[in-house]
Amino acid sequence: MEVLFIVLAIVVIALFAIAGLVAAPVRRRRARIRTTTAPRLATPPPEVSSPPLPAEAVVPTSGLDVPDPTAGRLIRLRGRLARSHNALGRSLLTVLSRDHLDEEAWQEIEDTLLTADMGVNAAGELVSALKDRVRVLGVRTPAQLRTLLRDELLAQVGTSTDRGLVTAAHDGHPAIILVVGVNGTGKTTTCGKLARVLVADGRTVLLGAADTFRAAAADQLQTWGDRVGAHTVRGPEGGDPASVAFDAVQRGNVQGVDTVVIDTAGRLHTKTGLMDQLGKVKRVVEKQFPVDETLLVLDATTGQNGVIQARVFTEVVKVTGIVLTKLDGTAKGGIVVSVQQALGIPVKLIGLGEGPDDLAPFDAEAFVDALLGEPTAISPPPAGTR
């Protein structure tokens, strides 16, 4: 019996030994797999204290755009304007050059002016003045007719009108410019281009993105500002526009900038509630400082509808100047005359393209020369700011 127990013990020990020999390679293989696939633990970096964030956002100054100077900008862009609008001048001069100017010819001239969006009153005044001068002076040569037509168009556009913008800080605070207009007129883009105009004239600028209802409007405005080093104050999408405008003026005053330009929401002029909101923006801003300029942006291609829009805006805020955009497209040049005559408000800036520096201070002589399609030697216009 004892011999049997001894034999069984030897067998059990032998089985365990065999099992250990078989399992050892498996354990070594698993260990190699764990060693190969396990991520290496990096030595933790030493703690570095981050510098405190600045109280005000600072736009980097390196790599900024250098806008074209505004002095003479409209003269440089006059060729582009002439390509779109000198058909008006050619049509008028063709009729005026006829051997006999009867009532039918004068009616054709008036119809041409009306087609150019000049408006009934302005067109009638221009035709009446041309009739009198042609009869009294007896002018017939093309050069004489061109000079005569140029003089009368200049009289309608206005050469003595003050078209300057208040853009310099005064009385211890920045100049405040509100930019208003309906959606689609290029209002936010105009704000960005206006910032470039001001920077080109040596002003420091802060932008207020108070168009909080249109998606990405604040992003669009900030992109324009960043390109010329102008900080943009913005709020949450759908937030209170008046609050953003208030903060922008306050920030601009603290930073000591020359000009604060506020982009307001794209008002639908048929909705009284939105127009009331625009009035609120102006009242809230003026709790700090008076608004120096309220610029109404009009799409020149809308013609007389733009005049209707302008009338509604002037009932809500005191508009000090008109910005006509898209004047290089299908717009008719007569809109400059009709909107000024209807409202008694000067056109101060015109947009002549999609380029960043295609916004120009309005100059009556350069504009009329473009309408007539023949450049003349004129003195450079003022920079458009004071």
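**A closer look at the nonpolar core**
Now for step 1: Core analysis: the largest hydrophobic core is formed by 58 residues, its most contacted members being Leu113, Ile322 and Leu324.
Now for step 2: Those residues in contact with isoleucine 322, other than ones at most four positions away along the chain, are Leu296, Leu298, Leu343, Ile345, Pro346, Val347, Lys348 and Leu349.
Now for step 3: Counting 21 residues, the second-largest nonpolar core is a separate cluster that includes Val179, Ala230, Val297 and Leu359.

**A word on the pattern of salt bridges**
Now for step 1: This structure, assessed with the given rule, holds 18 salt bridges.
Now for step 2: Aspartate 65 is the salt-bridge partner of arginine 227, the closest N and O atoms lying 3.2 Å from each other. Residue arginine 227 is found in helix H8 (residues 217-228), and its partner aspartate 65 is found in the loop between helix H1 (2-37) and helix H2 (73-76); the two are separated by 162 residues along the sequence.
Now for step 3: A salt bridge links aspartate 211 to arginine 214, with the nearest nitrogen and oxygen atoms 3.6 Å apart.
Now for step 4: Members of the salt-bridge network, linked through shared partners, are Asp65, Arg196, Arg227 and Asp357.

**As for the environment of aspartate 201**
Now for step 1: Following the sequence through the fold, aspartate 201 ends up in the loop between helix H7 (187-200) and strand E2 (205-209).
Now for step 2: Looking at aspartate 201, the relative accessible area reads 22%, which means it is partly exposed.
Now for step 3: Sequence separation between aspartate 201 and alanine 71 is 130 residues, and the spatial gap between their C-alpha atoms is 8.6 Å.

**Overview of the sheet that holds strand E4 (residues 259-263)**
Now for step 1: Here eight strands make up an open sheet; going across it, the order is E3-E2-E4-E1-E5-E6-E7-E8 and the pairing mixed. The sheet is open, and its two borders are formed by strand E3 (231-234) and strand E8 (359-361), each paired with just one other strand. Shown here is a sheet whose adjacent strand axes are inclined to one another by a mean of 25°, direction ignored.
Now for step 2: Of the pairings in the sheet, the one linking strand E1 (residues 175-180) to E4 comprises five bridges and is parallel in character. Counted as the bridge partner of isoleucine 176 is valine 260 from E4.
Now for step 3: On top of the sheet, H8 reaches E2, E3 and E4; it is set at about 165° to E3, its chief contact.
Now for step 4: Against the sheet, helix H9 (residues 241-255) makes contact with E1, E2, E3 and E4, and its axis sits at roughly 145° relative to E3, the strand it touches most.

**Thoughts on the side chain of aspartate 357**
Now for step 1: Here aspartate 357 shows up in the loop between strand E7 (347-351) and E8.
Now for step 2: The class for aspartate 357 is buried, based on a relative accessible area of 11%.
Now for step 3: Only 2.9 Å separates the side chain of aspartate 357 from the side chain of arginine 196, close enough to count as a polar contact.

**Observations concerning the pairing of E1**
Now for step 1: Most of E1 sits inside the fold, with six of its six residues counted as buried.
Now for step 2: On E1, burial covers both faces: Ala175, Ile177 and Val179 on one face and Ile176, Leu178 and Val180 on the other are all buried.

**Quick word on the packing of helix H6 (residues 142-157) against helix H13 (residues 364-372)**
Now for step 1: Remark: H6 packs on H13, axes separated minimally by 10 Å, with the N-to-C direction vectors making an angle of 135°. When the axes of H6 and H13 are compared, the pair comes out oblique. Where H6 crosses over H13, the two elements pack in a sense that is right-handed. In this structure, H6 contributes Arg146, Leu149, Arg150, Leu153, Leu154 and Val157 to the contact, and H13 contributes Ala364, Glu365, Phe367, Val368, Asp369 and Leu372.
Now for step 2: Its residues placed into classes, the contact of H6 with H13 shows eight nonpolar, no polar and four charged.

Rules of the game
Residues numbered from 1 in each chain as written. Predicted model: local features only at pLDDT ≥ 70, side-chain atom pairs only at ≥ 80, totals over all residues. Heavy atoms only, no water. Core = buried A, V, L, I, M, F, W, Y, C linked by side-chain atoms within 4.5 Å. Buried < 20%, exposed > 50% of the residue type's maximum accessible area, 1.4 Å probe, protein only. Contact = heavy atoms within 4.5 Å. Salt bridge = Lys/Arg side-chain N within 4 Å of Asp/Glu carboxyl O. Helix = DSSP H or I, 4+ residues; strand = E, 2+ residues; numbered from the N terminus. Pairing = 2+ DSSP bridges. Axes fitted to C-alpha atoms, helices over the stretch in contact; angles between N-to-C directions. Polar contact = N/O pair within 3.5 Å; in protein donor to acceptor, adjacent residues only side chain to side chain. Parallel < 35°, antiparallel > 145°, perpendicular 65-115°, else oblique. Left-handed = near helix turned anticlockwise from the far one by under 90°. Nonpolar A, V, L, I, M, F, W, Y, C, P; charged D, E, K, R; others polar.

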